[in-house]
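The chain contents come next:
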Amino acid sequence: MAEQDSAVEPTAVAAAEAELLPGAAQKHAEKILDSLCDPSRLRIVQALRATPLTVSELSRVISKTRAATSQHLKVLRGVEAVTAERHGQFVVYSLSEHVNAAILENVANAFDRLRPTA
């Protein structure tokens, strides 16, 4: 073990540790990232970047049932990434203006780099 410790640069370790989020913020970040662990939720965030959509519209876009789409939206609402607004008999979902939505939108934008170019 002493041999391994000699290869450790204390200032590098200290600098790296300073970049880590404190306990509560780390838990919050993990919750946000966990919300994207299902590919359908990532697709919902990607779709809502374009325009607000109803559950029926989103279910068609992500090729899931309305019930499954509603469950995914519940998770995204739980981390304040999407908001729901009633318009008559329909509920329209959009990305919220909360920082959590911005984080998820940035993740979705990063995945756009995987999109093939012409």
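Each value, and the rule that gives it
- Residues numbered from 1 in each chain as written.
- Predicted model: local features only at pLDDT ≥ 70, side-chain atom pairs only at ≥ 80, totals over all residues.
- Heavy atoms only, no water.
- Pairing = 2+ DSSP bridges.
- Helix = DSSP H or I, 4+ residues; strand = E, 2+ residues; numbered from the N terminus.
- Contact = heavy atoms within 4.5 Å.
- Axes fitted to C-alpha atoms, helices over the stretch in contact; angles between N-to-C directions.
- Salt bridge = Lys/Arg side-chain N within 4 Å of Asp/Glu carboxyl O.
- Buried < 20%, exposed > 50% of the residue type's maximum accessible area, 1.4 Å probe, protein only.

Enquirer: Which parts of the structure should I look at to understand the sheet that holds strand β3 (residues 90-95)?
Expert: The strands making up a sheet associate through hydrogen bonds between their backbones, and the pairing can be parallel or antiparallel. Sheet architecture is open: 3 strands sit in the order β1-β3-β2, paired in antiparallel fashion. Strand pairing shows two members of the sheet lacking a second neighbour, β1 (53-54) and β2 (82-87), which therefore form its edges. Sheet analysis places β2 next to β3, joined by 6 bridges and oriented antiparallel. Along β3, the bridge assignment pairs Val82 with Leu95. Contacting β2 and β3, helix α6 (residues 66-78) runs over the sheet at an angle of about 115° to β2.

Enquirer: How do you make sense of the pattern of salt bridges when you look at a structure like this?
Expert: Close approach of charged atoms allows side chains with opposite charge to pair. If you walk through the whole model with that rule in mind, you get 2 salt bridges. Across the pair Asp112 and Arg49 runs a salt bridge whose closest N-O atoms are separated by 2.8 Å. Remark: Arg49 occurs in the loop between α4 (39-48) and β1 and Asp112 occurs in the segment after α7 (99-111); sequence separation between them is 63 residues. A salt bridge links Arg115 to Asp112; its shortest N-O distance comes to 2.8 Å.

Enquirer: Please clarify how unusual backbone geometry should be interpreted in this entry.
Expert: Here the phi dihedral of Ser63 falls at roughly 60°; this positive angle occurs in a residue that is not glycine. Inspection of the secondary structure puts Ser63 in the loop between α5 (55-62) and α6. By relative accessible area, which is 61% here, Ser63 ends up exposed. The phi dihedral of Glu80 falls on the positive side, at around 60°, and the residue is not glycine. If you trace the backbone, Glu80 turns up in the loop between α6 and β2.

By themselves, these figures tell us nothing about what the structure is for.
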